[in-house]
Amino acid sequence: MARRKKIYEGKAKILYEGTEPGTLVQYFKDDATAFNAEKKATIEGKGVLNNRLSEFFMTGLTQIGVPNHFIKRINMREQLIRAVEIVPLEVIVRNFAAGSMAKRLGLEEGTPLPRPIVEFSYKDDALGDPLVPEEYIIAFGWATQQDMDDIVALALRVNDFLSGIMYGVGIKLIDFKIEIGRIFEGDFMRLIVADEISPDSCRLWDMKTGQKLDKDVFRRDLGDLTDAYTEVARRLGVMPNNVSPATKPTLIN
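Residues numbered from 1 in each chain as written. Predicted model: local features only at pLDDT ≥ 70, side-chain atom pairs only at ≥ 80, totals over all residues. Heavy atoms only, no water.

Q: Looking at this structure, how should I read the sheet that holds strand E3 (residues 23-28)?
A: Sheet strands pair via backbone hydrogen bonds, and the direction of the pair is either parallel or antiparallel. The strand order across the open sheet built from five strands is E1-E2-E3-E7-E6, with neighbouring strands paired in antiparallel fashion. Edge positions in the open sheet fall to strand E1 (6-9) and strand E6 (70-73), since each of these has one partner strand only. Each neighbouring strand pair of the sheet contributes to a mean axis angle of 25°, computed without reference to strand direction. Across five bridges, E3 lies against strand E7 (residues 78-82) in antiparallel orientation. Following the sheet pairing, threonine 23 is matched in E7 by arginine 82. Helix H1 (residues 46-63) contacts E3, E6 and E7 of the sheet and is inclined by roughly 130° relative to E6. (Pairing = 2+ DSSP bridges. Helix = DSSP H or I, 4+ residues; strand = E, 2+ residues; numbered from the N terminus. Axes fitted to C-alpha atoms, helices over the stretch in contact; angles between N-to-C directions. Contact = heavy atoms within 4.5 Å.)

Below, the structure is given as structure tokens:
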């Protein structure tokens, strides 16, 4: 990886200055964290898989007209993205009760929800990314009412796309989270999907067996995380069918 200025380092990715104005290089690390980074590990090949899977999803969103920050993949671990001003929210879309929602409401994990539910958490690791209502978001100036309407519309379009893609390969999309960024074109501001879409940011269950194919494998010590992510990539056609998930990821160029 060429030397370049580091802009930001998070738990799973590093952002470097881009090759042209208004761009960044997003580098996917092999680090895995859970419970607000209380549990940590290095999972060999995880960054490679997430880079390719996020490329796959973002490219698909572009094809159906959902704006996002992805420009192109540079290599096995890096992609060129548009620089954005991140809205300080995690946007969570839930189709089935799981994780914190199941605990909060006393629901059995996997309970279908009457409709997709969009939740918001305030991005602050020190506070544990607390859930916040729209009234807080608007009152504190994190986003306007129009922004919120646009964010919900974007999130539901992403949900429709991901749910359909996953259903086609026998995977149930339980929930996912995305981040939204602002880009400015002269005096005009647009909201676009940013960060990443990968098994790190989704809950994915096999439709027949209920096997978890997402970061819950790491959170709950359910097996090998690379095997789970490799299986998702294989079903989506990002990996050839004859590659054993026990080996290092061998991805299609």
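Q: Explain the nonpolar core here, please?
A: The tendency in soluble globular proteins is for nonpolar side chains to be buried side by side. In this structure, Val158, Ile178, Ile180 and Ile197 are the most contacted members of the largest nonpolar core, which totals 48 residues. When residues in this core are grouped by element, the largest group, eight residues, is from helix H4 (residues 145-168). Judged by nonpolar contacts, the second largest core, of five residues, contains Ile14, Tyr16, Val25 and Tyr27. (Core = buried A, V, L, I, M, F, W, Y, C linked by side-chain atoms within 4.5 Å. Buried < 20%, exposed > 50% of the residue type's maximum accessible area, 1.4 Å probe, protein only.)

Q: What's the story with the packing of aromatic side chains in this structure? I'm lost.
A: Given two aromatic rings, their pairing is described by the distance between the two centres and the angle made by the two planes. Scanning all chains against the criterion turns up four aromatic pairs. With a centroid separation of 4.3 Å and an interplanar angle of 10°, the aromatic rings of tyrosine 122 and tryptophan 142 are classed as stacked. Here tyrosine 122 is found in strand E10 (residues 112-122), whereas its partner tryptophan 142 is found in the loop between helix H3 (134-139) and H4, with 20 residues between them in sequence. Accessibility expressed as a relative area gives 22% for tyrosine 122, which makes it partly exposed. The interplanar angle of 90° and the centroid separation of 6.3 Å between the aromatic rings of tyrosine 136 and phenylalanine 140 together place this pair among those described as edge-to-face. Chaining the aromatic ring pairs together yields one cluster made of Tyr122, Tyr136, Phe140 and Trp142. The lysine or arginine in question, arginine 4, covers the ring of tyrosine 16, its NZ or CZ lying 5.3 Å from the ring centre. Here the basic side chain of lysine 172 rests over the ring of phenylalanine 96, its NZ or CZ set 5.0 Å away from the ring centre. (Phe/Tyr/Trp six-rings, centres within 6.5 Å; stacked < 30°, edge-to-face > 60°. Lys NZ or Arg CZ within 6 Å of the ring centre and 35° of its normal.)

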